[in-house]
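Coordinate analysis (summary)
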Amino acid sequence: MPKQKAPRKQLKSYKLKHINRTVQEGDAVLMRSSEPGKPSYVARVEAIETDARGSNARVRVRWYYRPEESIGGRRQFHGAKELFLSDHYDFQSADTIEGKCKVHSFSSYTKLDSVGNDDFFCRFEYNSTTGAFIPDRVAVFCKCEMPYNPDDLMVQCEDCSEWFHPSCIGTSIEEAKKLDHFYCEECSPEEHEFHNSKTTSKNSDAKVNTKRSLEVGKTRNKHTKRSG
Ligand SMILES: [Zn+2]
Ligand SMILES: [Zn+2]
């Protein structure tokens, strides 16, 4: 005889006594990692349920992946607090929730006055089977043609509105922070004359294509699977 499954109760919210916080559907939570020493997992609570007596609470979660857990691995343009909303769902005991956190949109993350421990951002959805991202392309900036990493300072040319890394325009982050006005070498003719011999023709057509973008999720060098 198969065991009879007890009916479970669906809850809109649930008080986690061990952290004295209430979780609701849609909340982002930190969950204890099964591997010691690894950072907490981040997940979005999709549903909360208990058994008929109101105990043994468990949550249906949708995992966020860190860049290093993705098939393509962490890339230069990935921010330290970047997460990908995966298509990987699980049931977890509510006891494994260590705390709540905030997963911001990319634009609201870049507008934060200060980034706390519990602040993350997400700009991609991630297919954990194929390694594909949605969107599959991301705009690139600067001479180095890299997508924007919100951890890296960039300066904007007041004329063409293109963004540049200080190191890519031959200055330091400290110097760049002091700039009141910045014109890139293509927009500042005086600069151009001085550096005439050094300017490369490679850069001159870069600006023409304003919809430059990079295809993401192309490299496949490792595969990390989440256990549990
Ligand atoms: Zn650059
Ligand atoms: Zn410019």
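Cut-off values and rules
- Residues numbered from 1 in each chain as written.
- Chains lettered and ligands numbered in written order.
- Predicted model: local features only at pLDDT ≥ 70, side-chain atom pairs only at ≥ 80, totals over all residues.
- Helix = DSSP H or I, 4+ residues; strand = E, 2+ residues; numbered from the N terminus.
- Contact = placed C-beta atoms within 7 Å.
- Pairing = 2+ DSSP bridges.
- Core = buried A, V, L, I, M, F, W, Y, C linked by C-beta atoms within 7 Å.
- Buried ≥ 20, exposed ≤ 12 C-beta atoms within 10 Å, placed from the backbone.

Here's the deal with the overall build of the protein
Scanning the protein from terminus to terminus reveals four helices and 15 strands. Restricting the contact set of the protein to residue pairs at least 6 apart, pairs at least 24 apart contribute 56%.

A look at the sheet that holds strand β11 (residues 137–141)
Judged by pairing direction, the sheet is antiparallel, and its three strands sit side by side in the order β12-β11-β15 without closing on themselves. One side of each edge strand has no neighbouring strand; the edge strands of this open sheet are β12 (146–147) and β15 (213–215). The pairing of β11 with β15 spans three bridges and is classified as antiparallel. Within β15, the position partnered with V138 by the bridge is L214.

Regarding the nonpolar core
Grouped together as the largest cluster of nonpolar side chains are 31 residues, with contacts concentrated most on V29, V42, A43, Y64, F84 and C122. Taken together, the elements giving at least two residues each to this core come down to β4 (28–31), β5 (41–51), β6 (58–65), β7 (82–93), β8 (97–105) and β9 (119–126).

Regarding the pairing of β9
Among the eight residues in β9, six count as buried, and that is most of the element. Pairing of β7 with β9, which is carried by five bridges, proceeds in the parallel orientation. Bridge assignment links L85 to a residue of β9, and that residue is E125. Relative to β9, β8 is paired through four bridges, and the arrangement is parallel. Of the residues in β9, the one forming a bridge with S105 is C122. Inspection of the sheet shows β9 paired to strand β10 (residues 133–134) by two bridges, in the antiparallel sense. By the bridge assignment for β10, Y126 is matched with F133.

By themselves, these are just geometric observations and shouldn't be taken as functional.
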